[in-house]
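# Fold and geometry: a report
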Amino acid sequence: MVDNAELQHRISSVMDDPGARALAHVYGEAYLNAIPEGQVADYLEEFESFLSDVVEKFPEFSQALLSGMVSRDNKLRLLQQVTEGRASEIFASFLQVLARHERLPLLPAIYRQCLHQQELRTNHQRVQVTSARTLSEQSLESLTQKLGAALPFQPIIEARVDPSLIGGLHIRVGDTVYDGSLRTRLKQLQARLRERSSHEIQSGRNRFSHSAGN
Amino acid sequence: MKFKADEIASVIQREIEDFRGQIQTSEVGRVLEVGDGIARVYGLSDAMAGEMVEFPNGTRGQVFNLEENSVGVIILGDYLTISEGDEVKTTGALLSVPVGNAVIGRVVDPLGNPLDGKGPVISNETRPVEMAAPGVAARQPVKQPLQTGIKAIDAMTPVGRGQRELVIGDRKTGKTAICLDTIINQKGQDVVCVYVACGQRASTTAGVIEALRAHGAMDYTIVVSSPSSDPAPMQYIAPYAGAAMAEYFMYQGKHTLVIYDDLSKQATAYRQLSLLMRRPPGREAYPGDIFYAHSRLLERAAKLSDELGGGSMTALPIIETLQGDVSAYIPTNVISITDGQIYLEPDLFFAGIRPAINVGISVSRVGGNAQTKAMKKVAGSLRLDLAAFRELEAFAQLGTELDKATQAQLDRGYRMVELLKQPQYEPLHFADQVITIYAGTKGYLDLVPVAQVAEAEKEMLQFIREQHSEVREAIVTTGQLDDTTEQKLKSALEHFKTQYARKQ
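All residue numbers here refer to positions counted from 1 along the written sequence of the relevant chain. All chains are assigned letters beginning with A, and all ligands numbers beginning with 1, in the order in which they are written. Per-residue local features are limited, in this predicted model, to residues with pLDDT of at least 70; the limit for side-chain atom pairs, both in listing and counting, is 80 or more; totals at the level of whole chains, interfaces and linings are taken over all residues.

### A few points about the overall build of chain A
Operational definition: To qualify as a helix, a DSSP run of H or I must reach at least 4 residues; to qualify as a strand, a run of E must reach at least 2; elements of each kind are numbered from the N terminus. Exposure criterion: with C-beta atoms placed from backbone coordinates, a residue whose C-beta has 20 or more other C-beta atoms within 10 Å is buried, one with 12 or fewer is exposed, and one in between is partly exposed. Note on contacts: residues are paired as contacts if their backbone-placed C-beta atoms lie within 7 Å.
Looking only at helices and strands, one finds nine helices and four strands in chain A. Secondary structure elements of chain A occur, N-terminal to C-terminal, as α-α-α-α-α-α-β-α-β-β-β-α-α. The buried share among the 214 residues of chain A stands at 16%. Put simply, of all contacts in chain A between residues at least 6 apart along the chain, 67% involve residues at least 24 apart.

As structure tokens, this is what we get:
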């Protein structure tokens, strides 16, 4: 399985472009479907190595791929020269397809989507756990077990720290949030006190005020 | 007032001791873009259409558009403090407003928050803003009258309880005035009134509230105000919120009256929302479902069957036309939904005929069944008589010599027009209306100079009330003008006629 650190391509507070994400999803799914069964890990490793060892190491190369000044045919030729004999046939033709459709800038997003899809296919899902303090290895371990028992899939925990939670845990699975943090409980208590007590004071003013003081 | 600090502290302490915080589960998404009262949110994959969502600053919103990659949300409140990337939570609830007796006499915004500075609205009951209208089996035909207190309306375009009667006209023709008089006339009739001010000037609404208060009408009235300074989403939901408040009482078996002032402004607000949400524009750039927006609102007005308590909700929507153009999109839509319309004309208004109702094209499709028998009897031919008079009047303007009968018909017509004039805030009891119209149509006022008709009418009603109260009493209790009462009325009016002539 891929390491947790590998998914941190972007800063978590910056949002994805939903349109780009939807497109990347389509390409990622298609690529996964093209891979022969049982070899997914190899092909994903190849994808990752293309991104980190080729695209990142040679900025001129990636600039050429992303530039609008270079024609599509030239990009295709360039990719062919780079991948010929070095990359697998499926990956090479995948890059060709992307280049033909002018979707090369989506490469990192497609990689993320591939990983995500593969996780879903192997019944894994990412769970963001936020706590007020750093969680120990031990507590993370037990949390993983408990979540695995409670959820219909195997969780991959992404731990984060946010001191403003004060205490407790804030767990996010997909779009669903289970908020057991102290901050939220205090907010609930505040709302309830405001609602109930004001109601009680309004309805029974005599109890709370001195009859002589009015 | 002095408070007992320890009592309050003990209440709070008990509350804290009893508090068991639960893990909050919610769907979340993040704001992609925000502005002009709407937000586009990414995530919220399980959000329902019309569901209420919450922004981090506590502002509520309503899910409006469900798209492939994002959710369009209308923001009900301050949208300036919401920014890109903010987390949005679903609440699993539909938008609802507080209802019940606690709201009566209050001025609230479309979310039920108080605007009158009289403290919080403490109500245990709420009701969803959008509710399905009662079905066919839950209704019964309109049969009870809703007295507006305005002679011209009660005589010729009567409104029944559960009816939807459109009030339509150009700006400044007295549309709101008619509705206000109707509210004021409900005093003591056990009718709960709701006045929805949607897209009005705040100063106008303040004036309306002041007028209602001065006439003691706030005791049974709820004012829902969304002035034109409110963001479009608030103006859009205001009529639905008002309908929900009235509906609650209708299902309790009470009679209610709702005034939507006005629906053309609501349509404009809805158009703004829809265009910002990139829904395709149709005729006059209104969205395709603008008809549905109004029909589902007005369909909620109903007379419930006796099994459901027999409550009713009468709706008086107001539409403002431009230059008398009733064939514009929104006016034609609402005319086709409602059970009739009261058409107000600037020409009549400036000619001093107030209320400026054009009786020729104003109709009531179901109110006739609801009219009291007495009124039906005296006002039966009024509309035709007036139409004949209009024709004659046009002819007489040519300056031709007229025979005596025609001249008499003309004279009576002038007096009838004069008689149907009525000052604002002076609604008349239906018995008084019956007497007035009877006297007018039977010619008892023919000898009174046209300019003095209003004065003579006042004197006549006072005379009847003081010296022949049994006649008025009989009309009030039976709601009929039977032969004996008619005979008595005739002699009373004869008496008044001679007395008035002697005084001249």
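### Quick word on the domain arrangement of chain A
Our working definition: Note that the domain bounds were set by an automatic or database domain assignment.
For chain A, the assigned domains are domain 1 (4–120) and domain 2 (125–202). The centre of domain 1 of chain A, based on its C-alpha atoms, is set 35 Å off from the matching centre of domain 2 of chain A.

### Focus on the sheet that holds strand β13 (residues 255–261) of chain B
Sheet strands associate in pairs through backbone hydrogen bonding, adopting either a parallel or an antiparallel arrangement. Residues and elements named next belong to chain B. Test applied: For two strands to pair, DSSP has to find at least two bridges joining them. Angular values range over 0 to 180 degrees, each being the angle between N-to-C directions of two axes fitted as lines to C-alpha atoms, with helices fitted over their stretch in contact.
Strand order across the open sheet formed by eight strands is β8-β12-β11-β13-β14-β10-β15-β16, with mixed pairing between neighbours. Strands at the two margins of the open sheet, each flanked by one partner only, are β8 (107–108) and β16 (363–364). Judged from the seven bridges that link them, strand β11 (residues 191–198) and β13 form a sheet pairing that is parallel. Bridge assignment links V192 to a residue of β13, and that residue is T256. Strands in contact with helix α8 (residues 329–337) are β10 (166–169), β14 (312–320) and β15 (340–344); relative to β14, the strand with the most contacts, it is inclined by about 160 degrees.

### Quick notes on helix α6 (residues 107–121) of chain A
All names here are of chain A. The condition that has to hold: A helix's residues, less one, multiplied by 1.5 Å, set its expected span.
Taking 1.5 Å per residue as the helical rise, α6 with its 15 residues ought to reach 21 Å, and the 21 Å between its terminal C-alpha atoms agrees with that figure. Among all positions of α6, only L107, A109, I110, Y111, Q113, C114 and L115 are buried. N123 lies just past α6 and shows a positive phi near 60 degrees.

### Examining the domain arrangement of chain B
Residue and element names in this part refer to chain B. The condition is simple: In this count, Pro and Cys sit with the nonpolar residues alongside Ala, Val, Leu, Ile, Met, Phe, Trp and Tyr, while Asp, Glu, Lys and Arg are called charged and the others, Gly among them, polar.
Considered domain by domain, chain B is made up of domain 1 (28–93), domain 2 (98–371) and domain 3 (377–503). Distance between the C-alpha centres of domain 1 and domain 2: 29 Å. The interface of domain 1 with domain 2 comprises 11 residues on the first partner and 10 residues on the second. Where the side of domain 1 that touches domain 2 is concerned, the elements lending two or more residues are β4 (60–66) and β5 (71–76). Among the elements that take part in the side of domain 1 that touches domain 2, β5 stands out by supplying four residues, more than any other. A class-by-class count of the residues in the side of domain 1 that touches domain 2 yields six nonpolar, four polar and one charged.

### Notes on the nonpolar core
Generally speaking, soluble globular proteins have nonpolar side chains that are buried together. We count it as follows: The term nonpolar core means buried Ala, Val, Leu, Ile, Met, Phe, Trp, Tyr and Cys residues held together as one set by C-beta atoms within 7 Å.
Counting 135 residues, the largest nonpolar core has V73, V196, M245, V258 and V434 of chain B as its most contacted members. The leading source of residues in this core is helix α5 (residues 232–251) of chain B, at 14 residues. The next biggest cluster of nonpolar side chains, apart from the first, holds 18 residues, and it includes L106, I110, Y111 and C114 of chain A.

### So, the environment of A39 of chain B
Residues and elements named next belong to chain B. By the element assignment, A39 lies in strand β2 (residues 38–43). Spatially, the C-alpha atoms of A39 and G61 are 8.9 Å apart, while their sequence positions differ by 22 residues. A39 has contacts with V31, V34, G61, V73, I75 and I82, leaving out every residue within four places of it along the chain.

### Focus on helix α13 (residues 404–420) of chain B
With 17 residues, α13 of chain B should reach 24 Å at 1.5 Å per residue; the first-to-last C-alpha distance of 24 Å fits that figure. Within the span of α13 of chain B, buried status applies to R415, V417, E418, L419 and L420 of chain B.

### Description of the pairing of strand β3 (residues 51–54) of chain B
Residues and elements named next belong to chain B. Note that β3 and strand β6 (residues 87–94) share three bridges and pair antiparallel. What sits directly across from V53, in β6, is T90. Where β3 meets β4, three bridges bridge the pair, whose relative direction is antiparallel. By the bridge assignment for β4, M52 is matched with Q62. The hairpin formed by β3 and β4 contains five residues between the paired strands, and G58 there has a positive phi angle of roughly 90 degrees.

### Focus on the environment of K377 of chain B
One can find K377 of chain B in helix α11 (residues 373–379). Spatially, the C-alpha atoms of K377 of chain B and V196 of chain B are 35 Å apart, while their sequence positions differ by 181 residues.

### Description of the environment of A356 of chain B
Residue and element names in this part refer to chain B. Tracing the backbone shows A356 in the loop between α9 (346–350) and β16. The exposure class of A356 is buried, given the 25 C-beta atoms found within 10 Å. Ignoring any residue separated from it by four or fewer positions in sequence, one finds A356 in contact with T173, G174, L344, E345, L348 and F349.

### A closer look at the confidence of the model for chain B
Here is the rule we go by: The predictor attaches a confidence to each residue, and that confidence, scored 0 to 100, is pLDDT.
The predicted model of chain B has a mean per-residue pLDDT of 93, with 99% of residues at 70 or higher. Reported for the predicted complex are a pTM of 0.88 and an ipTM of 0.75.

### Observations regarding unusual backbone geometry
Residues and elements named next belong to chain B. For the bond running from D261 to D262, omega is -10 degrees, close enough to zero to count as cis. Within the secondary structure, D262 is located in the loop between β13 and α6 (263–276). Between R354 and P355 the backbone carries a cis peptide bond, its omega angle lying at -5 degrees. Along the chain, P355 falls in the loop between α9 and β16. Phi at K172 is positive, roughly 60 degrees, even though this residue is not glycine.

### Considerations on the packing of helix α1 (residues 18–34) of chain A against α6 of chain A
Residue and element names in this part refer to chain A. Heads up, the rule is: Angle categories are assigned with fixed cut-offs, so that under 35 degrees is roughly parallel, over 145 is roughly antiparallel, 65 to 115 is roughly perpendicular, and the rest are oblique. Left-handed is the label given to a crossing in which the near helix is rotated counterclockwise from the far helix by less than a right angle, and right-handed is the label when the rotation is clockwise.
As a packed pair, α1 and α6 sit with axes 8 Å apart at the nearest point and diverge in direction by 60 degrees. In terms of orientation, α1 and α6 fall into the oblique class. The two elements α1 and α6 cross, and the hand of that crossing is right-handed. Within the contact between the two elements, α1 uses A20, R21, A24, H25, Y27, G28, E29, Y31 and L32 and α6 uses A109, I110, Q113, C114, Q117 and Q118. Looking at side-chain class alone, the contact of α1 with α6 contains eight nonpolar, five polar and two charged residues.

### A word on the confidence of the model for chain A
On average, residues of chain A score 85 in pLDDT, and 86% of them reach the 70 mark or higher. Taken element by element, the predicted model of chain A shows its lowest mean pLDDT in helix α9 (residues 205–208) of chain A (63) and its highest in helix α5 (residues 89–100) of chain A (93).

### Some words on the packing of helix α14 (residues 430–441) of chain B against helix α16 (residues 469–478) of chain B
Residues and elements named next belong to chain B. Taken N-terminus to C-terminus, the directions of α14 and α16 make an angle of 120 degrees; their axes are 9 Å apart at the nearest point. Comparing the axis directions of α14 and α16 gives the class oblique. When the axes of α14 and α16 are compared, the crossing they make is right-handed. Here α14 contributes A431, V434 and I435 to the contact with α16, which in turn contributes R472, I475 and V476. Class assignment of the residues belonging to the contact of α14 with α16 gives a composition of five nonpolar, no polar and one charged.

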